[in-house]
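# Structural overview for review
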Amino acid sequence: MSRCHAGCAEVDSQTEAVAGEGFLLGCISCKRREEVSARATVDWHFKPLQEDDFRHIFHYDHPAAAVLHEDFSDRLEWQGTLNGDVQIGAVYIQNVTFNDTGTYRCTFHRTLFLPLQLENVVVEKEVELTVVAVANRELTAVISEIVMYVLIVVLQLWLIIVMVHCYKKIWDDHEAREARKALKAQGSLLGSKDNCDGVQAE
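The structure reproduced in this document is the subject of the present report. (Residues numbered from 1 in each chain as written. Predicted model: local features only at pLDDT ≥ 70, side-chain atom pairs only at ≥ 80, totals over all residues. Heavy atoms only, no water.)

### As for the pattern of salt bridges
- Evaluated as defined, the whole model comprises 11 salt bridges.
- Salt-bridge contacts for Arg75 lead to Asp100; the nearest nitrogen and oxygen are separated by 2.9 Å. Residue Arg75 is found in the loop between strand S7 (64–67) and strand S8 (76–78), and its partner Asp100 is found in the loop between strand S9 (91–93) and strand S10 (102–113); the two are separated by 25 residues along the sequence. No difference in accessibility class separates Arg75 from Asp100, as the two residues are buried.
- Across the pair Asp173 and Lys169 runs a salt bridge, and its minimum N-O distance is 3.7 Å. Of this pair, Asp173 and Lys169 both sit in helix H1 (residues 139–201), separated by four residues, roughly a single helical turn.
- Here the salt bridges do not stand alone but share partners, grouping Glu51, Arg55 and Asp71 into one network. (Salt bridge = Lys/Arg side-chain N within 4 Å of Asp/Glu carboxyl O. Helix = DSSP H or I, 4+ residues; strand = E, 2+ residues; numbered from the N terminus. Buried < 20%, exposed > 50% of the residue type's maximum accessible area, 1.4 Å probe, protein only.)

### Considering the state of the cysteines
- What the rule picks out here adds up to one disulfide.
- Disulfide partner of Cys27: Cys106, at an S-S distance of 2.1 Å. Around the S-S axis, the bridge from Cys27 to Cys106 shows a dihedral of about -90 degrees and counts as left-handed. Placement of the pair is Cys27 in the loop between strand S4 (23–25) and strand S5 (38–48) and Cys106 in strand S10, with a sequence separation of 79 residues.
- For Cys27, a relative accessible area of 3% translates into the label buried. (Disulfide = S-S within 2.5 Å.)

### Here we look at the sheet that holds S5
- Reading across the sheet, the six strands line up as S3-S11-S10-S5-S6-S7 and stay open at both edges, with mixed pairing between neighbours. Looking along the sheet, the strands with just one partner apiece sit at the ends: strand S3 (16–18) and S7. Here the average twist between neighbouring strands, direction ignored, is 25 degrees.
- With five bridges joining them, S5 and strand S6 (residues 55–61) adopt antiparallel strand pairing. Residue His45 lies in a different strand from S6, and its bridge partner there is His56. (Pairing = 2+ DSSP bridges. Axes fitted to C-alpha atoms, helices over the stretch in contact; angles between N-to-C directions.)

Rendered as structure tokens:
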């Protein structure tokens, strides 16, 4: 699901990470009016699986980014907007572990600089992250691979048919040439015989 504003599209984050690899936690909050100047900070909170409370793990206030929980020390990297008017609040998790499974909450605190006043807006988005040992292949990828193999088999069969057809055509042409040569040779022999018969008659 995605929502579009002028020059910005709100796309949902992926929700499955592979243990031992990196993962991008996506979070996008588009301004309703691009022409309005704004400033925003972003906070990430994490609630582990089967726990009730969220932990404050990351804060971004341009240009400073801070990891706030020891479980994510040296593992979180800001991948969002690199100016004060933040609309992309993504963070990258390095070396994902199974303990990273849970709910992530991304919060934008945005101040809009309207002509007559300031307007404060808070936007929250959540990502339910599942960590797996091996990446699950998407159905579309499986279907694409099956179609690819089917096309390869069909093309090979078509190539074999074309080769057989060409070989048969070459063989038929060879047989026709040999037949013409035989007829020509037979005609020459008959002509020679007639000449011999004419000489004997004289």
